[in-house]
Structure formats: C-alpha cells, structure tokens
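Chains, contacts and geometry: an overview
Here is how the chains run, residue by residue.
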Number of protein chains: 2
Amino acid sequence: MATPLDKARQNPNSMKAKILTSARRLFGTYGFHGTTTRMIAKEVGIDISTLYYHWGEKGDLYEAVVLDINEGMRSKLAELEKKIKGRPLSERLRIAIDEMVEYLFERPEISNLTIFRYFTKNRHESTFDTKVPEFISDIAYSMGLTESRKKCPAEAKMQVLAIINAIHNYVSGESFFLPMLEVDREEYIRQAKETIKFFAIPSFTKSVQ
Amino acid sequence: MATPLDKARQNPNSMKAKILTSARRLFGTYGFHGTTTRMIAKEVGIDISTLYYHWGEKGDLYEAVVLDINEGMRSKLAELEKKIKGRPLSERLRIAIDEMVEYLFERPEISNLTIFRYFTKNRHESTFDTKVPEFISDIAYSMGLTESRKKCPAEAKMQVLAIINAIHNYVSGESFFLPMLEVDREEYIRQAKETIKFFAIPSFTKSVQ
DNA sequence: AGCTGTTTCCATCATATGATGGATTTTTAT
DNA sequence: ATAAAAATCCATCATATGATGGAAACAGCT
C-alpha cells in the first residue's frame, strides 16, 4: 500500500515532494511550533490551501517529514554497514564517521530534526508512532559492541548514541559554533570529523579489537 | 546597576523569581515558540498581565532566562575549576564529568535551553547579545589543552564542546533515550557518566598528561 | 483611618495561525 | 472537443496568542 510519503518520493518534481522538501528544511530550522503552514506554502510558492490539499493537517506533514528523514538515515546506514564489513575496527570507525559527517552536513535538516525530536516536546501530543530509531542496535552490532542485535546492552547503546549525537551536534550547531571557532566552513567540517574520531577511536580500540 | 534579573535572584520568593523559574522550565521543555506567556502565567498561578508587568514582553523574559542559566553554568564551572586544580588530568576529568552530570540532571532546563539555543532559530530575530559561552576556552585551559585562555585553538574548543554537548544530550534526551534503554533513571544517570568518561579519558590521557 | 505607591486582575484588542468550503483553473482521458 | 477528475486559489472562520489600559486589591507609612 502506497502511503502519501511513498507517492511524494516517487516523483521529486511533484507538488507533494516539493512541499515535503520545504517542510523538512523549515521544520528543521524553526521546529514544529516555530514553523507555520504559511511559511512552508510561501517557500514553495503556493497557496496555503494547496498544502492542506496534499498533506492534510500540519501534524500529518510533520509526521511525514520525520518518517522521511528516518528512512534516509536507515538506508544510508545500511549502505555504510556493507562498505565497512570485514575491516578492522579502527578503519570501520574512520570510514563510518567520515562518511556520516559528510552525509549529514549535506542534509542538515536531518540533524536539526533529529535533535528537535530528541530534545523537545510538542504541545500537541504526537500520537503517531515515535519509531524510536532501532538502528542504534544495528550500529552497535556492526561495531562489534554486542553479539545480538536484539539484546543489545544499554552500555553499548549509550556509546553509539554518544557518537551519533556528537555528529548531529556539530552539524546542527554550525551556525552557533562556527563563529566562535573563527574557521571557515570547510575547516569546521574537517575538525568535526577529526574530533569525533579523536574520541571514538582510542576509546573503542582500547578494549575491543 | 541592578538589572531586573539581579532583582529576581535576590529573593527567590518574589513574584519575579517565581515567574523566572517557571519560564526556565517551560522554555526548556517546549522552546521559545512552543511556550506561551499564558502557559507560564498559569503554572505560576497568576494572570498573564502580571507576568507582563514584571518582565515586559516575551522576548525579554526569554532573554532573562538565558542570562540566568548562563550565569548558573559560569559559577558552577568556576567552582569546579577550583576543586580540580593541581590534580592529574584523568582525575580532573573524572571529577568534572561526574559533578557536571549531577548538576545538570538536577537542572535539566539548563541543558534543554542550551541545546535550544545552539540548534534552533527564533523567528523573531534575537537582537540581544548572544553571549557565546566564552567559558569554553576556560575549560580548555583548565584541562591543559591550551597555553592561553585568549588564544585557544579551534581544535581544543571542538573537543571541549564535544564533552559538554554530550552531557547536555544525555540530560536533555532523557525522556527519549531512557525508554529505549530499558533502565531506570538512576542507572541511566550512572551510565551517562560512565559513557562520557569512557570517551573522554582514554582520548585525552593518550597525548596530554 | 487615610494616603501613596505597588501589585494584581479583568476586559479587551490586533494579529497570527490552523483549517476549510467552494469557485476556478488545469490536467487527463475519451 | 468535451466531460470528468485533479489541482490550485480566494475568501473566510475560529481560535490562539502577544500585548495593553484601567479598575481593583494590597502594602507600607503617617
């Protein structure tokens, strides 16, 4: 069964898809309450009622955006997992961190929205399935932190969360952190990669090999 | 010259202070746009106009909240710096991380609001002095990552940011992460401390001593 | 008690915002 | 070319929200 989201993804030039793209960016920048349907409609260049025609109420559009970025993350991680399979841990970390940082700096709305979802509440109870990212366990598994994807210890999950969140932090915090570091964007991204590897590699390669 | 904020801090039972406390919590939970002046007034148990009488417009109250939590962080860090002075690096890290995590889990609004400020824009341009936390450099200095507080290299600042943000993430993300870890709150806090030390200690003690 | 300055609340306003009905235009299929 | 379906826009509503003026209640002082 094709959901509205599937339909939007099929044709990136469809109005549904255009709206979704703007909504991703704006919800990511200003949050749920900080973004109005009028702002989204204006960015797309359509009337507000056209937006409602395609996506229904604001909360439904937001939900679609969340599902969309979750799917993006899921598939990127699956791709990464294949690529690093069989290599030694420190190399796996290096590749995974470099690629993930690149990927997210090109799509900052993903980090913005993820952080929004983690750290803030919406006043209107988000009834829809929160879909807690189960890929946290997958990453832990592919890093050799757990024997089984299902029974992943809390400790391992916490460690994976730390790394992922650190990436999101640098991506999402660019406009805040970059000025205080007095470097250019390229250097900032490089430093983000290096810093995360600086923390991840010695820690993980000490115990696990 | 005593600012309105100073006045509020002088007497924690004053109406000004009560409003500030509720505002801290609510802005931290729902963000600037997600929090209405009516919500704050209701939590305090006063009429909305009383709130405006004391703090003026919403943006001014928000600004006061930000300054307030910044001051809290600043003084806590100063206290910590004294306490760890002279000890070996790994011990300094252990103490600082443990205490900072405790401090913030008792005042989650600080982490919530800090993250909000880092990672989201307010639609109404925040004209007021952003006060980029200059204590990042202070921490770097007290960890021996830089010779001078003034000329702290970007690399060191990035590393300090990573640690601070990691703490904020665990504090602020409790309601999201705790359910997916299937542990109780106490264990969650313990794990947060351990995980951050897991990353910080090997990385820093490898090069610096 | 009576006066004065402070604090609080009630009523109200203007605007922003989410949402919709219905007319109009555009597209698609025959 | 025409009819049906799909997409878009205009006008409008109800409510939420930030903000304020002015009356009432309160506190401190003589």
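Residues numbered from 1 in each chain as written. Chains lettered and ligands numbered in written order. Predicted model: local features only at pLDDT ≥ 70, side-chain atom pairs only at ≥ 80, totals over all residues. Heavy atoms only, no water.

Describing the nonpolar core
The following threshold applies: Residue types Ala, Val, Leu, Ile, Met, Phe, Trp, Tyr and Cys, when buried and joined through side-chain atoms within 4.5 Å, form a set referred to as a nonpolar core. Note on exposure labels: buried denotes an accessible area under 20% of the residue type's maximum, exposed denotes more than 50%, and partly exposed covers the range between, all computed with a 1.4 Å probe on protein chains only. Any pair of residues with heavy atoms lying within 4.5 Å of one another is described as a contacting pair.
Grouped together as the largest cluster of nonpolar side chains are 142 residues, with contacts concentrated most on L61 of chain A together with L61 of chain B. For L61 of chain A, the contacting residues outside a window of four places in its chain are I19, L20, A23, F27, I40, L51 and W55 of chain A.

Overview of the relation of the copies chain B and chain A
Counted only if it meets this: Our superposition of the copies is a least-squares fit, built on the C-alpha atoms of residues whose pLDDT is at least 70 in both.
With an RMSD of 0.0 Å, the fit of chain B onto chain A corresponds to turning through 180° and sliding 0.0 Å along the axis. Here the two chains are linked by the operation of a two-fold rotation axis.

Focus on the environment of S148 of chain B
Residues and elements named next belong to chain B. The condition that has to hold: Here a helix means four or more residues in a row that DSSP labels H or I, a strand means two or more in a row labelled E, and each is numbered from the N terminus. Under this definition, polar contacts are N or O atom pairs within 3.5 Å; protein pairs additionally need one hydrogen-donor-capable and one acceptor-capable atom, and for neighbouring residues in sequence, both atoms have to be side-chain atoms.
With respect to the secondary-structure elements, S148 resides in the loop between helix 8 (135–142) and helix 9 (154–172). Looking at S148, the relative accessible area reads 27%, which means it is partly exposed. Measuring from C-alpha to C-alpha, the distance between S148 and D138 comes to 9.1 Å, with ten residues separating the pair along the chain. Among the polar contacts listed, one links the side chain of S148 to the backbone nitrogen of K151, at a separation of 2.8 Å.

Here we look at the protein's contact with DNA strand D
For clarity, the threshold we go by: It suffices for a single heavy atom of a residue to lie within 4 Å of a molecule or strand for the residue to be listed as near it.
Near DNA strand D, the surroundings consist of 17 residues, among which S49, H54 and R123 of chain A together with Y52 and K58 of chain B are the closest. Counting only atoms of DNA strand D within 4 Å of the protein, the sugar-phosphate share comes to 54%. Within the backbone of D47 of chain A, one N or O atom sits 2.8 Å away from a phosphate oxygen of DNA strand D. At 2.5 Å from a phosphate oxygen of DNA strand D is found a side-chain nitrogen or oxygen belonging to H54 of chain A. Residue assignment for the surface near DNA strand D shows that the elements contributing at least two residues are helix 4 (48–55) of chain A together with helix 3 (37–44) and helix 4 (48–55) of chain B. The dominant element in the surface near DNA strand D, judged by the number of residues it contributes, is helix 4 of chain A, at four residues.

Things to note about the side chain of N165 of chain B
Within the fold, N165 of chain B resides in helix 9. Not counting residues within four places of it along the chain, the set of residues in contact with N165 of chain B comprises N169 and F177 of chain A together with Y118 of chain B.

Some thoughts on unusual backbone geometry
Phi at E182 of chain A is positive, roughly 55°, even though this residue is not glycine. Tracing the sequence through the fold places E182 of chain A in the loop between helix 10 (174–181) and helix 11 (185–207).

Describing the interface of chain B and chain A
Selection rule: Two parts placed together each lose some accessible area; with a 1.4 Å probe, that loss summed over both constitutes the buried area. By definition, a salt bridge exists where a carboxyl oxygen of Asp or Glu is found within 4 Å of a side-chain nitrogen of Lys or Arg. Charged means Asp, Glu, Lys or Arg here, nonpolar means Ala, Val, Leu, Ile, Met, Phe, Trp, Tyr, Cys or Pro, and polar covers whatever is left, Gly included.
Of the residues lining the interface, 50 residues belong to chain B; the matching set on chain A comes to 50 residues. Interface area for chain B against chain A, summed over the two sides, is near 4700 Å², with a carbon-plus-sulfur share of 73%. Inspection of the chain B/chain A interface yields zero salt bridges. Connecting chain B to chain A are ten residue pairs in polar contact (both at pLDDT 80 or more). If you list the elements that add at least two residues to the side of chain B that touches chain A, you get helix 2 (15–34), helix 7 (108–119), helix 9, helix 10 (174–181) and helix 11 (185–207) of chain B. Per-element tally for the side of chain B that touches chain A: the top contributor is helix 9 of chain B, with twelve residues. Of the residues contributing to the side of chain B that touches chain A, the split by class is 27 nonpolar, 17 polar and six charged.

Considerations on empty space enclosed by the protein
Short version of the rule: Space inside and on the surface of the protein is sampled on a 1 Å grid over the protein atoms alone, with a cavity defined as a set of points where a 1.4 Å probe fits but cannot get out and a pocket as an open set with protein on both sides within 12 Å along at least 5 of 7 lines; lining residues have an atom within 4 Å of a point. Grid points are joined across faces, edges and corners, and a volume is the space filled by probe spheres set on the points.
Taken as a whole and assessed by the stated rule, the structure comprises five cavities of 30 Å³ or more. Reported here for the largest cavity is a volume of approximately 200 Å³. Residue lining of the largest cavity: 18 residues in total, with A162 and A166 of chain A together with A162, A166 and F199 of chain B positioned closest to the centre. Elements supplying a minimum of two residues to the lining of the largest cavity: helix 9 (154–172) and helix 11 of chain A together with helix 9 and helix 11 of chain B. The element contributing the most residues to the lining of the largest cavity is helix 9 of chain B, with six residues. Classifying every residue of the lining of the largest cavity by side-chain character gives 13 nonpolar, five polar and no charged. When its volume is computed, the second largest cavity comes out at roughly 140 Å³. Taken together, 21 residues form the lining of the second largest cavity, with F116 of chain A together with Y30, G31, F32 and F116 of chain B sitting closest to its centre. Among the elements that line the lining of the second largest cavity, the one with the most residues is helix 2 of chain B, at six residues.

Here's the deal with the protein's contact with DNA strand C
Of all residues adjacent to DNA strand C, which total 17 residues, the nearest are Y52 and K58 of chain A together with Y53, H54 and R123 of chain B. In DNA strand C, the atoms that sit within 4 Å of the protein are 54% sugar and phosphate, with bases accounting for the remainder. Between DNA strand C and S49 of chain B, the relevant distance is 2.8 Å, taken from a base nitrogen to a side-chain nitrogen or oxygen of the residue. Between a phosphate oxygen of DNA strand C and a side-chain N or O atom of Y53 of chain B, the distance comes to 2.7 Å. At the level of elements, helix 3 (37–44) and helix 4 of chain A together with helix 4 of chain B are the ones that each hand at least two residues to the surface near DNA strand C. Looking at the surface near DNA strand C, the element that brings in the most residues is helix 4 of chain B, giving four residues. For the surface near DNA strand C, a count of residues per class yields five nonpolar, seven polar and five charged.

Considering the packing of helix 8 of chain B against helix 9 of chain B
All names here are of chain B. Basically, it comes down to this: Whenever a helix is involved, its axis is fitted only over the stretch in contact; in every case the axis is a line through C-alpha atoms, and angles between N-to-C directions fall within 0 to 180 degrees. Throughout, the term roughly parallel applies to angles under 35 degrees, roughly antiparallel to angles over 145, roughly perpendicular to angles from 65 to 115, and oblique to all others.
Packing of helix 8 against helix 9 brings their axes to within 9 Å, and their N-to-C directions diverge by 100°. When the axes of helix 8 and helix 9 are compared, the pair comes out roughly perpendicular. In this structure, helix 8 uses I136, S137, I139 and A140 to contact helix 9, whose residues at the interface are A156, K157, V160, L161 and I164.

What to know about helix 5 (residues 58–84) of chain B
Stated precisely, the cut-off is as follows: Expected span, for any helix, means 1.5 Å times one less than how many residues it has.
Between its terminal C-alpha atoms helix 5 of chain B stretches 39 Å, which fits the 39 Å expected from 27 residues at 1.5 Å a residue. Two residues or fewer after helix 5 of chain B comes G86 of chain B, characterised by a positive phi angle close to 90°.

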